[in-house]
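# Architecture and fold: a report
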Amino acid sequence: MARRIDPQGKRPPLPTREQILAFVAQTPGPAGKREIAKAFGLKGADKIGLKAILKEIEGDGALERQRGGFRKGGSLPDVVVADIVSRDRDGDLVARPAQWEGEGEPPKIVVELPRAGRQGNRPAPGIGDRALIRVAPDGEAANRYTGRIIKVIGKNRSEIVGIYRAGRDGGRILPVDKKSQGREIAIPPGEEGEARDGDLVSVAVERETRFGLPRGRVRERLGALGSEKAVSLIALHVHNIPHVFPAAVLAEADEAKSATKRGREDWRKAPLVTIDPPDAKDHDDAVMAQADPDPVNAGGFVVTVAIADVAAYVRPGSALDREALLRGNSVYFPDRVVPMLPERISNDLCSLRQGEDRPAIAVRMVIGADGVKRSHTFHRILMRSHAKLAYAQAQAAIDGNPDETSGPILDSALRPLYAAYEAMKRARDDRGPLSLDLPERKVLLTPDGGVDRVIVPERLEAHRLIEEFMIQANVAAAETLEKANSPLIYRVHDEPALEKMRALSEVLASIGIKIVKAGALKASLFNRILAQVAESEHAIFVNEVVLRSQAQAIYAAQNLGHFGLNLRRYAHFTSPIRRYADLIVHRALVRTCNLGKDGLPADTTPGMLDAVSEQISGAERRAMAAERETIDRLIAGYLADRVGATFEGRISGVTRAGLFVKLAETGADGFVPAATIGADFYRHDETLHALVGDRTGETYRLGDPVEVRLVEAAAVAGALRFEILSEGRSRSGGARRPGATKPGKAKFGSRAKIDKAKSAQSRPGRAPAKPPATEGDGSRRHRGSRR
């Protein structure tokens, strides 16, 4: 393409318009006038002619002048600020430039997710994020680019979700986001679309000015706020969680036929049983145990865990598979479940119903008398559950109160299960997984969708039994696949970062506890600390700070081990109905163990699973945030008519702006602005996790019991604001006097302070999210999924 000098010394003609455009299009990055002149051999006066041609092309819009030179008109620079707006049919994130002044539709950017690694616990990009992206043209595809995210720089605030309130001269939008509380958006007449007063809507913010309200346009009516499931509907739309199955996905599910015995081992006579919560709609795991007849393993057991064979119905690349990857996992709200797979699959074909033939993948584990797993094998089977039991039902039978369902199988099924667990429990205790004592609460609803009450479900040995069986099955899956050098997705939990350990040491030193570390960092170190304070006033405080020191559990194609469970290798195998990672592991086992032709495709690489891991880790965090915010909104609505009431609670978070307090009665988190605490000025001491008064030394520390009065409850935002009534700790560090309250407190504290705090720093907020590393409690819903 370069202009060549004529051998007779004559200067060749200037490059044509088409030649210049072709050169600029093929040049990575902007092409300057100097680069263009050099490419075509132009010197001296020729450059004047080139300048005129470039000016003409630029005037036509075919070239754009940017820093560093020219670029083809309508193209993107190498690095662009873009908003992630959707996913394509393959599950890839799609972004559009945040600003576009070219003609026609803005270019489409298909985002390539970064590979997971030791930095994989950073927030994964998702729909609604604004990011700095390095882009490159996608081959010959017009108006299409591929891109890699350099940095997520925030949320796209040009589109929000809120409640529409109709008025005479247009309407107003009340944002549902806590951080946007009090910032209304004006909707001019004619821009409300189909929205009616009280509807939940999606709004495009079209203009913001220094004075007056920003103006917007209703893009979509999402639903009526007064409906039963409106609260979870808010979370679905705020977090862009897919909740409506496309027609093609439903059609594929409806066409699925029940699996047969062909190619499977017949285990229908094996005494497998399911043990779940009483309200469980699907049953994706069954268990059994028997004394090992092998004299070499005297006193040992053979434990079997059978898991619904989802891979038999959800094939790689199918519509069902693409939708499952897009969702990543099922999402659980008090009023609804948003499943990863349609009910035809999750609640029917893959639900291990009592007395019905169902396909499964089973792991048969030989357990020694010491509880240690000695060997295991995987099998593709046809099974039939012999009993459907609830946790409490199974536990009652073992405790001497069997019923008509548990009684007939007490000796044949339940006693062997508990005997095997007693052995496995000894091995678990020797292994020393992280043992935090932070009870989880469950919100129970009334028939009309309101909060009835909040309970802490009792932890039974039946829960622990199922959890330990599932953990060992997950370990067996990881061991089998790793030994075969098969690509797989691990569940990894890195050890705490050095800076977090330093911070934890400083916090514990403030209450007289010294971390004595010998050798490699292990979970047992934290367990010793937790045991040391188990019966003291510091127990809740220490559990909280230990939890906050932990890394976040994620999915990754590389094995980093699982620190919290103290396991060298761990993968999720036991819930393929509700977690995409487990489906990948099932497919890998099918291929590795020669269990059929519908296993992991042969061309699957660790790099491909890196991208999947990053995506589903982000989906998990998205689900956790949506679940937490929904509970916040439900409880805020529940407490809205109790403004002025007093509550007992504990400080669950400390920031420069104030205190987060978790109520003992409901587990709800609310905020106490620092400016409303008292007559002193309180500074944030990060080392102590406390607010400390400048003059008095009065201290409010993470974990301290306090009494608060409810000042404000914003139901839509899920936010509570409190006034603290209790005195803090004295300067010497001693605990406050029992029942001591702030002297001279007005009914709602200082009105001036509250107003000032509300405008400056006290917008209702939520407590810092807990990392999901150790939240699995063996319940039917998660079965250790957060571990």
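Everything below is about the structure printed above this text.
Residues numbered from 1 in each chain as written. Predicted model: local features only at pLDDT ≥ 70, side-chain atom pairs only at ≥ 80, totals over all residues. Heavy atoms only, no water.

### Comments concerning the overall build of the chain
Looking only at helices and strands, the chain has 16 helices and 33 strands in total. Scored against the burial criterion, the 787 residues of the chain give a buried share of 53%. The contacts in the chain between residues at least 6 apart in sequence include a share of 66% that link residues at least 24 apart. (Helix = DSSP H or I, 4+ residues; strand = E, 2+ residues; numbered from the N terminus. Buried < 20%, exposed > 50% of the residue type's maximum accessible area, 1.4 Å probe, protein only. Contact = heavy atoms within 4.5 Å.)

### Observations regarding the sheet that holds strand β31 (residues 699-701)
Read from one edge to the other, the open sheet built from three strands follows the order β29-β30-β31, with strand pairing classed as antiparallel. Here the strands that pair on one side only, and so sit at the sheet edges, are β29 (682-685) and β31. Ignoring strand direction, the axes of neighbouring strands in this sheet form an average angle of 20°. (Pairing = 2+ DSSP bridges. Axes fitted to C-alpha atoms, helices over the stretch in contact; angles between N-to-C directions.)

### Describing the packing of helix α10 (residues 461-483) against helix α14 (residues 580-592)
Running from amino to carboxyl end, α10 crosses α14 at an angle of 50°, the nearest separation of the two axes being 10 Å. One element, α10, and the other, α14, form an angle in the oblique class. For α10 against α14, the interelement crossing comes out left-handed. Contacts between α10 and α14 involve Ala477, Thr480 and Leu481 from the first element and Val585, Ala588, Leu589 and Thr592 from the second. For the contact of α10 with α14, a count of residues per class yields five nonpolar, two polar and no charged. (Parallel < 35°, antiparallel > 145°, perpendicular 65-115°, else oblique. Left-handed = near helix turned anticlockwise from the far one by under 90°. Nonpolar A, V, L, I, M, F, W, Y, C, P; charged D, E, K, R; others polar.)

### A closer look at the pairing of strand β28 (residues 669-673)
Counting buried positions over the five residues of β28 gives five, a clear majority of the element. Going residue by residue along β28, you find Asp669, Phe671 and Pro673 tucked away on one face and Gly670 and Val672 tucked away on the opposite face as well. Connecting the antiparallel pair strand β27 (residues 658-663) and β28 is a turn made up of five residues, with glycine 667 showing a positive phi of about 80°.

### Here's the deal with the packing of aromatic side chains
A complete count under the given rule lists four aromatic pairs for this structure. In this structure, arginine 491 packs its charged tip against the face of tyrosine 555, placed 4.6 Å from the ring centre. The positively charged end of arginine 701 is found above the aromatic ring belonging to phenylalanine 541, 4.5 Å away from the centroid. (Phe/Tyr/Trp six-rings, centres within 6.5 Å; stacked < 30°, edge-to-face > 60°. Lys NZ or Arg CZ within 6 Å of the ring centre and 35° of its normal.)

### Considering the pattern of salt bridges
If you walk through the whole model with that rule in mind, you get 43 salt bridges. Among the ionic pairs, aspartate 348 bridges to arginine 353, the shortest N-O distance being 3.7 Å. Where aspartate 694 meets arginine 683, a salt bridge forms, and the shortest distance between an N and an O atom there is 2.9 Å. Of the two residues, aspartate 694 sits in the loop between β30 (690-693) and β31 while arginine 683 sits in strand β29, which places them eleven residues apart along the sequence. Aspartate 694 sits in the partly exposed class, given a relative accessible area of 42%. (Salt bridge = Lys/Arg side-chain N within 4 Å of Asp/Glu carboxyl O.)

### Quick notes on the environment of glutamate 665
Considering the arrangement of structural elements, one finds glutamate 665 in the loop between β27 and β28. Take glutamate 665: its relative accessible area is 40%, and that puts it in the partly exposed class. Here the alpha-carbon distance between glutamate 665 and glutamate 648, two residues 17 residues apart in the chain, equals 7.5 Å. Those residues in contact with glutamate 665, other than ones at most four positions away along the chain, are Val454, Arg642, Phe647 and Glu648.

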